[in-house]
Amino acid sequence: MSITALLLSSLLMLPVSAVQLDELKRLSSSEPDKALQLYSQLVEQVNTTTDKQTLVDLHYEGLLAALNSAQWPAFESIVKRLYDTELSSYVEPMKFTLLTRVGVAYRYNNQLEQARIHYTCALAQSASDLELALLKVNLAIVYKLSDQPAMAFQLINSIDEKQLSMKVKAGYLVVRGNILSSLGKFEDALSSFDQAREQYSLLGDQLSKVGVTFNILGAALAYKSLDKFADYRTGFEALLKEQDSQYLYWLDVIAQSIKAQQVTAEHEKWLTEHIKPLLKRGYATDIKAHLEAINMQHLYPKQKPKRRGDKSLSEFLGAPWCPKF
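Engineer: In this structure, what is going on with the state of the cysteines? I would like to understand it.
Structural biologist: Cysteine pairs can be covalently joined through their sulfur atoms, and such a bond is termed a disulfide. Scanning the model with the defined rule gives one disulfide in all. Between the sulfur atoms of Cys-121 and its disulfide mate Cys-322 the distance is 1.8 Å. Measuring handedness by torsion sign, the sulfur bridge of Cys-121 and Cys-322 sits at about 125 degrees and is right-handed. Here Cys-322 lies in the segment after helix 17 (284–293) and Cys-121 lies in helix 8 (residues 112–123), a separation of 201 residues in the sequence.

Here you go:
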């Protein structure tokens, strides 16, 4: 072997530092595509013979990056790397989170039955009231998406809010509001969304605050509360990203139609052209209620378009960590 090759080999085998692992953790949430690139580099660098804990830590963060960037082939590949029996003792303490992340991937990919199965299995792995509460929130989302809002509400209502951190409570309140909306209880949903918005304000989480403001605007129109809509609508467009402007225009059209008690031909044409793209983005509950509020129910498609799921994940990815499979 040449000296150059020996030097390259030595460089590739340098141990992964705590700083590199921390950078991967940071990127996995904030810039997941970059995180996946770094993950690939670090996996090549780690000594798989002697440093198995670091290898598992890398796979664990790589999994989150693949989940957050919706790169399903990479997600499935990383999950299967964790099947290695030589890693089993290192993976054991992570089973709850792994099953939960696999369940989230199935949910994002619209494979709702697989999501339910994996969340249900994770219930037995939860080690604290907080973990159990988080899992119930995830399960409630699946039941709502599966058009079982009553079951979703039963689950979400069984959670003790006092057990939740401020951040988790904010997310819980958003999910609770969404479930109440799906049950047609828009006034109660507005209360839940308002509380969530207050939590996000206290946390300084502007992005989530903007997101839940959309929930408030949508529920306000479903409830035909034009005053509430106007309160939160003023100046809201300045906070939005470009892709959000389409739904904001939908809301404005609905508000104008409710106020005028009629829908112009121009507005009807626009609503018809944009309903399916907005349904794919997850606004189905509010959109259906909005159309009912302006007597345009016939515009709602008989079959809702799928939000995700173009490339299905293999079933039962969490099998090695769930004896029930």
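Engineer: Would you mind showing me how to read the packing of aromatic side chains here?
Structural biologist: The full count for this structure, using the stated rule, is six aromatic pairs. For the ring pair Trp-72 and Phe-75, a centre distance of 6.1 Å and an interplane angle of 80 degrees mean the geometry is edge-to-face. With Trp-72 and Phe-75 both in helix 5 (residues 72–81), this residue pair falls three residues apart, about one helical turn. The exposure classification of Trp-72 matches that of Phe-75, with both residues buried. The interplanar angle of 70 degrees and the centroid separation of 4.7 Å between the aromatic rings of Tyr-249 and Trp-270 together place this pair among those described as edge-to-face. Of this pair, Tyr-249 sits in helix 15 (residues 245–260) while Trp-270 sits in helix 16 (residues 265–280), and the two are 21 residues apart along the sequence. The class of Tyr-249 is partly exposed, set by a relative accessible area of 35%. Taking the relative accessible area as the measure of exposure, Trp-270 reaches 16% and is therefore buried. Put simply, the rings of Phe-214, Phe-236, Tyr-247 and Tyr-283 touch in pairs and so form one group of aromatic residues.

Engineer: I'm lost on a nonpolar patch on the surface in this one. Help?
Structural biologist: Where nonpolar side chains cluster on the molecular surface, the patch consists of Met-166, Leu-202 and Leu-203 and spans about 270 Å² of accessible area. Structurally, Met-166 can be placed in helix 11 (residues 166–182). Relative accessible area serves as the criterion here: at 37%, Met-166 is assigned to the partly exposed category.

Engineer: Just to check I follow, could you spell out the side chain of Ser-69 for this structure?
Structural biologist: With respect to the element layout, Ser-69 can be found in the loop between helix 4 (52–68) and helix 5. If we skip the residues at most four places from it in the chain, Ser-69 touches Pro-32, Asp-33 and Leu-36.

Engineer: Looking at this structure, how should I read the packing of helix 9 (residues 129–145) against helix 11?
Structural biologist: At a minimum axis separation of 10 Å, helix 9 and helix 11 run at an interaxial angle of 25 degrees. In terms of axis orientation, helix 9 runs roughly parallel to helix 11. When the axes of helix 9 and helix 11 are compared, the crossing they make is left-handed. When helix 9 is examined against helix 11, the residues Leu-130, Leu-134, Val-137, Ala-140, Ile-141 and Lys-144 are found in contact with a partner set consisting of Val-168, Tyr-172, Val-175, Asn-178, Ile-179 and Ser-182. Counted by class, the contact of helix 9 with helix 11 contains nine nonpolar, two polar and one charged residues.

Engineer: Any chance you could explain helix 15 here in plain terms?
Structural biologist: Spacing of three or four residues puts side chains on the same side of an α-helix, whose turn is 3.6 residues. For helix 15, which comprises 16 residues, the first-to-last C-alpha distance of 22 Å matches the rise-based estimate of 22 Å (1.5 Å per residue) to within 8%. Every buried residue belonging to helix 15 is among Tyr-247, Leu-248, Trp-250, Leu-251, Asp-252, Val-253, Ile-254, Ala-255, Ser-257 and Ile-258, and all of these are buried. Buried-residue contacts for helix 15 involve helix 13 (206–222), helix 14 (226–233), helix 16 and helix 17. Gln-261 sits one or two residues past helix 15 and shows a positive phi near 60 degrees.

Engineer: Would you mind going over the environment of Leu-217 with me for this structure?
Structural biologist: Within the secondary structure layout, Leu-217 lies in helix 13. As for Leu-217 and Thr-264, which are separated by 47 residues in sequence, their C-alpha atoms are 21 Å apart. With near-sequence residues (within four places) excluded, Leu-217 lies in contact with Phe-229, Tyr-232, Arg-233, Phe-236, Leu-248 and Leu-251.

Engineer: Could you clarify how one ought to interpret the environment of Tyr-143 in this entry?
Structural biologist: For Tyr-143, the position within the fold is in helix 9. Residues Tyr-143 and Ile-117, 26 residues apart in the sequence, show an inter-C-alpha distance of 12 Å. Dropping the residues within four chain positions of it, Tyr-143 is found in contact with Arg-116, Gln-148, Pro-149, Met-151, Ala-152 and Leu-155.

Cut-off values and rules
Residues numbered from 1 in each chain as written. Predicted model: local features only at pLDDT ≥ 70, side-chain atom pairs only at ≥ 80, totals over all residues. Heavy atoms only, no water. Disulfide = S-S within 2.5 Å. Helix = DSSP H or I, 4+ residues; strand = E, 2+ residues; numbered from the N terminus. Phe/Tyr/Trp six-rings, centres within 6.5 Å; stacked < 30°, edge-to-face > 60°. Buried < 20%, exposed > 50% of the residue type's maximum accessible area, 1.4 Å probe, protein only. Patch = residues over 30% accessible without salt bridge, like charges linked within 9 Å, V, L, I, M, F, W, Y side chains within 5 Å. Areas by Shrake-Rupley, 256 points an atom, 1.4 Å probe, with all protein chains shown as cover. Salt bridge = Lys/Arg side-chain N within 4 Å of Asp/Glu carboxyl O. Contact = heavy atoms within 4.5 Å. Axes fitted to C-alpha atoms, helices over the stretch in contact; angles between N-to-C directions. Parallel < 35°, antiparallel > 145°, perpendicular 65-115°, else oblique. Left-handed = near helix turned anticlockwise from the far one by under 90°. Nonpolar A, V, L, I, M, F, W, Y, C, P; charged D, E, K, R; others polar. Expected span 1.5 Å × (residues − 1).

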